[in-house]
Protein chains: 2
Amino acid sequence: MLEDHPGGARVVRAYGYPGAVTFPVVGMVGGGQLARMTHEAGIPLGIRFKLLSDTPQDSAAQVVGDVVIGDYRDLATLRAFAQGCDVITFDHEHVPTEHLRALEADGIPVRPGPDALVHAQDKGVMRAKLDAIGVPCPRHRIVDDPADVERFATEGDGFPVVLKTVRGGYDGKGVWIVRSPAEAADAFRAGVPVLAEEKVDFVRELAANVVRSPHGQAVSYPVVESVQVDGVCDTVIAPAPGLSPELSAHAQQLALKIAKELGVVGHLAVELFETRDGRVLVNELAMRPHNSGHWTQDGAVTSQFANHVRAVLDLPLGDPRPRAPWTVMANVLGGDYPDMYSAYLHCMARDPQLKIHMYGKDVKPGRKVGHVNTYGDDLADVRERASHAAGYLRGTITE
Amino acid sequence: MLEDHPGGARVVRAYGYPGAVTFPVVGMVGGGQLARMTHEAGIPLGIRFKLLSDTPQDSAAQVVGDVVIGDYRDLATLRAFAQGCDVITFDHEHVPTEHLRALEADGIPVRPGPDALVHAQDKGVMRAKLDAIGVPCPRHRIVDDPADVERFATEGDGFPVVLKTVRGGYDGKGVWIVRSPAEAADAFRAGVPVLAEEKVDFVRELAANVVRSPHGQAVSYPVVESVQVDGVCDTVIAPAPGLSPELSAHAQQLALKIAKELGVVGHLAVELFETRDGRVLVNELAMRPHNSGHWTQDGAVTSQFANHVRAVLDLPLGDPRPRAPWTVMANVLGGDYPDMYSAYLHCMARDPQLKIHMYGKDVKPGRKVGHVNTYGDDLADVRERASHAAGYLRGTITE
């Protein structure tokens, strides 16, 4: 859905390139695949893209023209990087909040800003805010020690309980499912506050993705199903098959509400549990382009990456509607064969409609090194094509 | 249409990046917008893209990570550039044939190769070859001087006659329409051989675009109508409205035949005249991605740029079929206002489905600085949206 179109023009600082037109410079912190694909989406817009990357070998650093190598945890590095930028945005959520505030004090627009981003950085802050604005979450509270975990369990339906460090976790890291106080000990070792959550008896995982601009314009992508394997996203199906129109609209409205109430600018992914009794509960938030939105590159009128760029520049947002009845994204994980390129021959010859997106990363077993998108009218066929290609690239399918 | 799928694997030289996987390096000569958009299309494939560009300000040089600044007319520069590449391809057709032969002698695959490319470099060679393989062309011959132009005219229906220098022309440059021997004098001043052609009484201009791989696999895009204004492509409509299925298939088969007989590898654009008596005649050839194929970025399953990359790497080609009933491309020319970025607000808010492709070029009156694509079910609507956006960006429409 498309909401309220923005009003008048905003002034974007002129780009200082000799003789160049006044196209803005978008500075992205972090050289991962999200930055790589954001650069790809920014090229047609004619914007200037500048990258702060840890190493020249990083996924995005391989393909971007204007790269600064440096440590995003160092304020002086961030400040020097930001000098040439009209806006700063992010490939990841790890930049310290106080650094973001310093950049804002220097007059650099930071999007999403630190007041929004903290909700994606700290799960304790996120849960407290979602409670305050009436967004349904799993039962939760911060716990002090293993004994407190047992109290949390007995307050509800008992063990198992999910424990998460409030900062630093991703893709199953920093998350424990524990069945006793003894099993809870690991979660407290890092010295980071620990959030306890009920283990939701869910039917499946969904994601509601929205993009919001500083003007307050927002677009909502179709709600998707995210199939997880071993705590890592394996497949995304757009739209989520069999999802009732009411629950779909409810999930979209929750995501739009969260984006607005938290002041998000850019792409917001709201990961959801669909419960057996027909509700949705918020699992996680990500304030950047997200794996659950990769299908939009080939399956939507405007990709999450293009809309993220448009949002951080406060440009009118693009149409988020799907271009095909079904689009399926399958992640490509590293397997035992380091050479994925030779697998292109089989995959491309088998399916001339296949869309491959590789990240330029070295293959390591289990590492996300790319994804594929397929689309079409027949979900079973679309899903089989994505799954076959991802498996063949990984090396788990050899025929 | 899709033709014979390729057979077994070809060995591509391993990329020498420390610790990297064996993805190939595509070296592109020329830093214009075609290289810029080829890089964009290559990013998802995970290939390494290396650019030889005249200046760091060139369209592609702004967005590519691995750029060599140098003069493509200098063999030593070309040789040094080619050392790090698995294949060499082109943004333009101006690299001297003898340099391409030298690279081939060094063992570097050059795609398209010099024996094919010469037909896009030299209109005299092109016409002789098309005659030899029985492809219909306007009546033509090389002429020696203005008196010979008069003889050429009287051999046919008289003046006007079209004169073209056999090398160096593009977008109306190097082309004269003359009505007398006196008017013909200009064409001979450059000291380049001059080709005389009948001025075809055409209904409209078409383009048949195909992509061919070294294996001999080829795909053919729908035949498009190319609307020229003042000798420059203004609008491309895909597919060409009202074109008979027979003439469409004939044009596609001509393009496939030319690609095969000339040994083209990569994208081949065959510009055609549709005559009043229902024939097609070949106007020009281009052996690289082409303005008449820009619609494929948003309107086809696989873009001309992605298929060009796949072809020069001898990968199986992608599906060339359209994704919408109608796609329209409109070129954005420079106007009197240097700042096109502020026009984004109006264009994007008016049409959330609009696809803007800007080239990072300084605005100069009449210069191609970008294009827009629109697609949909209703040709009149799709065409109006493209035309409005292109006019608004140029500054000729202000409401």
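Residues numbered from 1 in each chain as written. Chains lettered and ligands numbered in written order. Predicted model: local features only at pLDDT ≥ 70, side-chain atom pairs only at ≥ 80, totals over all residues. Heavy atoms only, no water.

Draft legend 1. Molecular detail of the overall build of chain A. Scanning chain A from terminus to terminus reveals eleven helices and 17 strands. Computed over its C-alpha atoms, the radius of gyration of chain A comes to 21 Å, within 12% of the 21 Å expected for a compact globule of 399 residues. Across its three principal axes, chain A shows a C-alpha extent of roughly 70 × 55 × 40 Å. Buried residues in chain A amount to 61% of all 399 residues. For chain A, the computed accessible surface area is about 14500 Å², with 50% contributed by carbon and sulfur atoms. (Helix = DSSP H or I, 4+ residues; strand = E, 2+ residues; numbered from the N terminus. Rg over C-alpha atoms; globule rule 2.2 N^0.38 Å. Buried < 20%, exposed > 50% of the residue type's maximum accessible area, 1.4 Å probe, protein only. Areas by Shrake-Rupley, 256 points an atom, 1.4 Å probe, with all protein chains shown as cover.)

Draft legend 2. Quick look at the sheet that holds strand 1 (residues 25-29) of chain B. Residue and element names in this part refer to chain B. Ordered by their spatial adjacency, four strands build an open sheet running 3-2-1-4, and the pairing between neighbours is parallel. Whereas interior strands pair on both sides, the edge strands pair on one side only; in this sheet they are strand 3 (66-69) and strand 4 (87-90). Strand-to-strand twist of the sheet, defined as the mean angle between neighbouring strand axes without regard to direction, takes the value 25°. Where strand 1 meets strand 2 (residues 48-53), five bridges bridge the pair, whose relative direction is parallel. Residue pairing for strand 2: Val-26 is matched across the bridge by Phe-49. Against the sheet, helix 1 (residues 33-42) touches strand 1 and strand 2, its axis set at about 170° to strand 2. Of the strands in this sheet, strand 1, strand 2, strand 3 and strand 4 touch helix 2 (residues 75-83), which is tilted by about 170° from strand 2. (Pairing = 2+ DSSP bridges. Axes fitted to C-alpha atoms, helices over the stretch in contact; angles between N-to-C directions. Contact = heavy atoms within 4.5 Å.)

Draft legend 3. Representation of the packing of helix 2 of chain B against helix 3 (residues 97-105) of chain B within the structure. All names here are of chain B. Helix 3 packs onto helix 2 with a crossing angle of 35° between their chain directions and a minimal axis gap of 10 Å. Crossing of helix 2 over helix 3 shows right-handed handedness. Touching Leu-75, Leu-78, Arg-79 and Ala-82 of helix 2 are His-99, Ala-102 and Leu-103, all from helix 3. Residue composition of the contact of helix 2 with helix 3, grouped by class: five nonpolar, one polar and one charged. (Left-handed = near helix turned anticlockwise from the far one by under 90°. Nonpolar A, V, L, I, M, F, W, Y, C, P; charged D, E, K, R; others polar.)

Draft legend 4. The environment of Ala-311 of chain A, seen in detail. Residues and elements named next belong to chain A. Tracing the backbone through its elements, the reader meets Ala-311 in helix 9 (residues 304-312). The exposure class assigned to Ala-311 is buried, which follows from its relative accessible area of 0%. Here the alpha-carbon distance between Ala-311 and Arg-111, two residues 200 residues apart in the chain, equals 8.7 Å. Among residues more than four places away in sequence, those in contact with Ala-311 are Val-211, Arg-212, Ser-213, Pro-214, Val-265, Gly-266 and Leu-317.

Draft legend 5. The arrangement of the sheet that holds strand 7 (residues 175-178) of chain B in detail. Residue and element names in this part refer to chain B. If you walk across this open sheet you meet the four strands as 5-8-6-7, and the pairing is antiparallel. At either end of the open sheet lies a strand with only one pairing partner, and these are strand 5 (140-143) and strand 7. Each adjacent strand pair in this sheet contributes to an overall mean axis angle of 30°, direction not counted. Of the strands in this sheet, strand 5, strand 6 (161-165), strand 7 and strand 8 (194-198) touch helix 6 (residues 146-155), which is tilted by about 160° from strand 5.

Draft legend 6. Layout of the relation of the copies chain A and chain B. In screw terms, the move from chain A to chain B is a rotation of 180° and a rise of 0.0 Å along the axis, fitting with an RMSD of 0.0 Å. Both copies are brought into coincidence by an operation consistent with a two-fold rotation axis. The rotation axis passes nearest to the C-alpha of Gly-65 of chain A in chain A, at a distance of 2.1 Å. Mapped onto chain B, 100% of the interface residues of chain A again fall at the interface, so both copies present the same surface. (Least-squares fit on C-alpha atoms with pLDDT ≥ 70 in both.)

Draft legend 7. Expanded view of the side chain of Ser-226 of chain B. Residue and element names in this part refer to chain B. Inspection of the secondary structure assignment puts Ser-226 in strand 11 (residues 224-229). Here the side chain of Ser-226 touches Gln-228 through a polar contact of 2.6 Å, side chain to side chain. Setting aside chain neighbours within four positions, we find Ser-226 in contact with Glu-205, Leu-206, Cys-233, Thr-235 and Val-236. (Polar contact = N/O pair within 3.5 Å; in protein donor to acceptor, adjacent residues only side chain to side chain.)

Draft legend 8. Highlighting the domain arrangement of chain A. Domain annotation of chain A identifies domain 1 (25-112), domain 2 (139-198) and domain 3 (202-394). Put simply, the middle of domain 2 of chain A and the middle of domain 3 of chain A, counted by C-alpha atoms, are 29 Å apart. (Domains from an automatic or database assignment.)

Draft legend 9. Fine view of the interface of chain A and chain B. Contacts between the two partners involve 60 residues from chain A, matched on the other side by 61 residues from chain B. Contact with chain B buries area across many residues of chain A, yet Arg-323, Tyr-341 and Leu-345 of chain A alone supply 15% of it, more than any other trio. Across the contact surface, chain A and chain B share zero salt bridges. Scanning the region where chain A abuts chain B turns up 20 residue pairs in polar contact (both at pLDDT 80 or more). If you list the elements that add at least two residues to the side of chain A that touches chain B, you get helix 1 (33-42), helix 10 (343-350) and strand 16 (355-358) of chain A. (Buried area = accessible area lost by both parts, 1.4 Å probe. Salt bridge = Lys/Arg side-chain N within 4 Å of Asp/Glu carboxyl O.)

Draft legend 10. Region of interest: unusual backbone geometry. Residues and elements named next belong to chain A. For the bond from Arg-111 to Pro-112, the omega torsion is 0°, close enough to zero to count as cis. Within the secondary structure, Pro-112 sits in the loop between helix 3 (97-105) and helix 4 (114-121). A positive phi angle, close to 55°, is found at Asp-230, a residue other than glycine. Among the secondary structure elements, Asp-230 is positioned in the loop between strand 11 (224-229) and strand 12 (232-238). On the basis of relative accessible area, Asp-230 is assigned to the exposed category, the value being 77%.

Draft legend 11. Fine view of the confidence of the model for chain A. The share of residues in chain A with pLDDT of 70 or more is 94%, and the mean pLDDT across the chain is 92. Every residue in residues 1-21 of chain A is under pLDDT 50, and counting partners more than four places away or in other chains gives 55 contacts. (pLDDT = per-residue confidence, 0-100.)

Draft legend 12. Geometry of the UniProt feature "binding site: ATP" (unreviewed entry) in chain A. Residues and elements named next belong to chain A. The UniProt feature table records "binding site: ATP" (unreviewed entry) at Lys-123, Lys-164, Glu-197, Glu-198, Lys-199, Val-200, Glu-205, Asn-283 and Glu-284. Mapping Lys-123 onto the fold places it in helix 5 (residues 123-132). By the element assignment, Lys-164 lies in strand 6 (residues 161-165). Excluding residues within four positions of it along the chain, Lys-164 makes contact with Lys-123, Arg-127, Gly-174, Val-175, Pro-193, Val-194, Leu-195, Glu-197, Asn-283 and Glu-284. (UniProt positions renumbered as here; feature names shortened; annotations may be inferred.)

Draft legend 13. Focus on the pattern of salt bridges. Residues and elements named next belong to chain A. Enumeration over the complete set of coordinates arrives at 44 salt bridges over all chains. Among the salt bridges present, the one from Arg-101 reaches Asp-115, with a minimum N-O distance of 2.8 Å. With Arg-101 in helix 3 and Asp-115 in helix 4, the pair connects residues that are 14 residues apart, well separated along the chain. Residue Arg-101 is classed as partly exposed on the basis of its relative accessible area of 40%. Three or more residues are tied together by salt bridges with common partners; here these are Lys-123, Arg-127, Lys-164, Glu-197 and Glu-284.

Draft legend 14. Geometry of the side chain of Thr-374 of chain B. All names here are of chain B. Position of Thr-374 among the secondary structure elements: in strand 17 (residues 368-376). Residue class for Thr-374 comes out buried when judged on its relative accessible area of 0%. Other than its neighbours up to four places away in sequence, Thr-374 contacts Trp-326, Thr-327, Val-328, Asp-351, Leu-354, Val-382, Arg-385 and Ala-386.

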